[in-house]
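# Descriptive analysis of the structure
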Amino acid sequence: MKKFLILLAGGTAVLVALSMSGPLIALAFSALLVFAGMHYYVKSKSTIAKVLWVAVGLVGVFSAISNIPALIGLAALVLLYVLYKKWNNEEVSFSSVKVKEEDPFTNFENEWAKLTK
């Protein structure tokens, strides 16, 4: 029964992600415009060029705001990832950083506290 529910949720997520593929592509293009505007704004020397790249960045921002429904598609893609991991009985983790149990700076802080006394 659990596998059936995962399959049903996955099918629904696929349909939602496919139906939101247009806004997702537009959102990616908007992000590209914002990135290009910021990147070339920093590199440009003249005031005219800076104004042009700010305008390009603003067009990207306004385009991204108009593509807010694409966030539903992004959520569907994240849900597909989680369901795929659950289907294969793998641990779901969104962080690639492994946290150590002990802090290496704890000893330094203890020694520093002894020195300042």
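Relevant structure appears above.
This text gives an overview of the structure that appears in the document. Computed from a predicted model, the values in this text were never measured in an experiment.

Analysis parameters
Residues numbered from 1 in each chain as written. Predicted model: local features only at pLDDT ≥ 70, side-chain atom pairs only at ≥ 80, totals over all residues. Heavy atoms only, no water. Helix = DSSP H or I, 4+ residues; strand = E, 2+ residues; numbered from the N terminus. Rg over C-alpha atoms; globule rule 2.2 N^0.38 Å. Buried < 20%, exposed > 50% of the residue type's maximum accessible area, 1.4 Å probe, protein only. Contact = heavy atoms within 4.5 Å. Lys, Arg positive; Asp, Glu negative; His and termini not counted. Charge placed at Lys NZ, Arg CZ, Asp CG, Glu CD. Phe/Tyr/Trp six-rings, centres within 6.5 Å; stacked < 30°, edge-to-face > 60°. Lys NZ or Arg CZ within 6 Å of the ring centre and 35° of its normal. Polar contact = N/O pair within 3.5 Å; in protein donor to acceptor, adjacent residues only side chain to side chain. Expected span 1.5 Å × (residues − 1).

## Things to note about the overall build of the protein
On a plain count of helices and strands, the protein comes out with 5 helices and 0 strands. Along the protein, helices (α) and strands (β) appear in the sequence α-α-α-α-α when read from the amino end. Taken over C-alpha atoms, the radius of gyration comes to 23 Å for the protein, far larger than the 13 Å a tight globule of 117 residues would show. Its C-alpha atoms give the protein principal-axis dimensions of about 65 × 60 × 15 Å. The 117 residues of the protein split such that 17% are buried. Across the protein, the fraction of contacts at a sequence separation of at least 24, relative to all contacts at a separation of at least 6, is 65%. When the 11 basic and 7 acidic side-chain charges of the protein are each reduced to a single mean position, those positions are 13 Å apart.

## Some remarks on the packing of aromatic side chains
Under the criterion given, the structure shown has 1 aromatic pair. One Lys or Arg, Lys3, reaches over the ring of Trp87 and ends 4.5 Å from the middle of that ring. Above the ring of Tyr41, the side-chain terminus of Lys50 is found at 4.5 Å from the ring centroid.

## Comments concerning the side chain of Ser44
Locating Ser44 in the fold gives a position in the loop between α2 (21-43) and α3 (47-66). A polar contact is formed between the side chain of Ser44 and the backbone oxygen of Tyr41, at a distance of 3.0 Å.

## Points about helix α4 (residues 70-87)
Here α4 spans 25 Å end to end across 18 residues, near enough to the 26 Å set by a 1.5 Å rise per residue. Listing the buried residues of α4 in full gives Ala70, Gly73, Ala76, Leu83 and Lys85. Residues of α4 that are buried sit in contact with α1 (2-19) and α2. Asn89 occupies a position one or two residues after α4 and carries a positive phi of about 55°.

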